[in-house]
Amino acid sequence: MTLAVIDGAEPISLDWDVTATGTDASLRGLSAVDDRVVWASGSNATVIRTDDGGKTWRSCGPKGFGDLEFRCVHAFDADVACIASAGSPAVLLRTEDGGASWRESYRASSSAAFFDVMRFWDERHGIAISDPVDGRLLVVETGDGGRTWKRLTKGLPLSRKGEAAFAASNSSLLVGEQGQLWFGTGGCESETSRLYHRSGWNADWTTVSVPIPSSQASGIFSVCVVLSSVAGEESNTLVLVGGDYRASETSEVTACISRDRGVTWRTVKMQPVAFRSAVAATPRGGAFPLGLITVGPFGSDFSRDGEEWDLMSQTGFHALAVGQTQVFASGSDGRFGRLIVVGD
């Protein structure tokens, strides 16, 4: 199925162009440098990359890591990228030669460590966040592009019992300017999930409740900012998606919205129809109407403003990445998709 979106006088139909990647791995890490260079990562120590927008792929995963899942990837260009593992050992690696070789740059000492997300503000400053270790999130930061990492030891709130994040799409963390961040969790049994916030590089982390139920299988999975109508500026609107990832369960809440940059949250007017693991804003200058795309293993939805969502496709994906003008998605069985306007 396709979704017809009214853009100006004519309706535009959106869908996914799904292509093969040469792997059957579950791809939960996805990073687009531009419209051509895209890296993906996932199960069985899989890392793949393309330099032609997904037409052809090259396997470039690290050797010696068995079936470890690298669910986080951040690419700086066609040669340089960092990856983080979900599971034990919890490690961070960097390549500077397109994946021909990898260097381990961090290894957590605790078996409880489990990296859920890794994001970068720029080519130097980045952060990776793990499930709690000794009662608080394990957070490591880099100031040299992932060559070295240092653990953050101050300013982190105590974790709730059972609290954890989800390494489903490498998008439970949103980074803003000057060290700002928003990070979503679930895990504990509660009527609400928690969103962590930091207002700047050296600020303490605070938390806010979000009306999305939290449990071992449910909570916040992805956070993004909604672009304003003024070119190049960000609005005060944030959107997050999630729910219960189990196929046997119905998600009571799948999306929430904030109009004050994450201070307060409420459920949206019309939710995505099922659990969603990633959300991203469509890029300016492309063929698509400005809005948001959300994906999950049970389908994809589109929204103009984050308030009202319409089912766009029943093709399932785990992760999203946005290039200069393109939107990409990855999922189970090595699935890779590129958002298209049907009929173009």
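Here's a quick rundown of the structure.

For the protein chain, the count of helices and strands is zero helices and 29 strands. For 344 residues, the compact-globule estimate of 2.2 N^0.38 gives 20 Å, and the protein chain sits close to it at 19 Å. Principal-axis analysis of the C-alpha atoms gives the protein chain an extent of 55 × 45 × 40 Å. For the protein chain, the accessible area works out to roughly 14,000 Å², and carbon and sulfur atoms hold 45% of it. Counting 31 positive and 41 negative side-chain charges, the protein chain places the averaged centre of each group 5 Å from the other.

Let's shift gears to the packing of aromatic side chains. Here the structure, examined in full by the defined rule, presents 15 aromatic pairs. Joined through ring pairs, the aromatic side chains of Phe166, Phe221, Tyr245 and Phe275 make up one cluster.

Right, let's talk about the nonpolar core for a bit. Counting 18 residues, the largest nonpolar core has Leu92, Tyr106, Phe115, Met118, Ala128, Val140 and Trp149 as the members making the most contacts within it. For this core, the secondary-structure elements that each account for two or more residues are strand S8 (81–86), strand S11 (115–120), strand S12 (126–133) and strand S13 (136–142). For this core, the element with the most residues is S11, which contributes three residues. Non-local contacts of Tyr106, meaning those with residues more than four positions away in its chain, are made with Ala90, Val91, Leu92, Phe115, Leu138, Val140, Trp149 and Arg151. With 16 residues, the next largest nonpolar core counts Trp16, Ala278, Val327 and Ala329 among its residues.

Glancing now at the sheet that holds strand S23 (residues 278–281). Pairing is antiparallel across the open sheet formed by four strands, whose spatial order is S23-S24-S25-S26. The open sheet terminates on both sides in strands that have one partner only, identified here as S23 and strand S26 (309–313). The average undirected angle you get between the axes of adjacent strands in this sheet is 25°. Inspection of the sheet shows strand S25 (residues 299–303) paired to S26 by four bridges, in the antiparallel sense. The partner of Phe302 across the bridge, within S26, is Asp310.

Another point: the pattern of salt bridges. Where charged atoms of side chains with opposite charge meet at close range, the side chains can pair. Taken as a whole and assessed by the stated rule, the structure comprises 12 salt bridges. Between Glu163 and Arg194 there is a salt bridge, with the nearest N and O atoms lying 2.9 Å from each other. Of this pair, Glu163 sits in the loop between strand S14 (150–152) and strand S15 (173–175) while Arg194 sits in strand S17 (residues 193–198), and the two are 31 residues apart along the sequence. The same class applies to Glu163 and to Arg194, which are both buried.

Note: strands within a sheet are paired through backbone hydrogen bonds, in either parallel or antiparallel orientation. A sheet is described by the order of its strands in space; here four strands give the open sequence S7-S8-S9-S10, paired in antiparallel fashion. The strands lining the two open edges of the sheet, one partner per strand, are strand S7 (69–75) and strand S10 (103–107). Adjacent strand axes in the sheet meet at a mean angle of 25° when their direction is disregarded. As defined by bridge partners, S7 adjoins S8 across five bridges and the pair is classed as antiparallel. Along S8, the bridge assignment pairs Cys72 with Ala84.

What follows is about a negative patch on the surface. Taken together, the side chains of Asp77, Asp79, Asp97, Asp122 and Glu123 present a region of like negative charge at the surface. Asp122 sits in the partly exposed class, given a relative accessible area of 35%.

Looking now at the pairing of strand S28 (residues 327–330). Every second residue of S28 is oriented toward a common face, with Val327 and Ala329 on one face and Phe328 and Ser330 on the other, all of them buried. Linkage of strand S27 (residues 319–322) to S28, two consecutive antiparallel strands, is achieved through a turn of four residues. Where S28 meets strand S29 (residues 336–341), three bridges bridge the pair, whose relative direction is antiparallel. Bridge pairing in S29 links Ala329 to Gly337. Where S28 hands over to S29, the hairpin turn is made up of five residues, of which Asp333 adopts a positive phi near 60°.

What counts, and where the lines are drawn
Residues numbered from 1 in each chain as written. Predicted model: local features only at pLDDT ≥ 70, side-chain atom pairs only at ≥ 80, totals over all residues. Heavy atoms only, no water. Helix = DSSP H or I, 4+ residues; strand = E, 2+ residues; numbered from the N terminus. Rg over C-alpha atoms; globule rule 2.2 N^0.38 Å. Areas by Shrake-Rupley, 256 points an atom, 1.4 Å probe, with all protein chains shown as cover. Lys, Arg positive; Asp, Glu negative; His and termini not counted. Charge placed at Lys NZ, Arg CZ, Asp CG, Glu CD. Phe/Tyr/Trp six-rings, centres within 6.5 Å; stacked < 30°, edge-to-face > 60°. Core = buried A, V, L, I, M, F, W, Y, C linked by side-chain atoms within 4.5 Å. Buried < 20%, exposed > 50% of the residue type's maximum accessible area, 1.4 Å probe, protein only. Contact = heavy atoms within 4.5 Å. Pairing = 2+ DSSP bridges. Axes fitted to C-alpha atoms, helices over the stretch in contact; angles between N-to-C directions. Salt bridge = Lys/Arg side-chain N within 4 Å of Asp/Glu carboxyl O. Patch = residues over 30% accessible without salt bridge, like charges linked within 9 Å, V, L, I, M, F, W, Y side chains within 5 Å.

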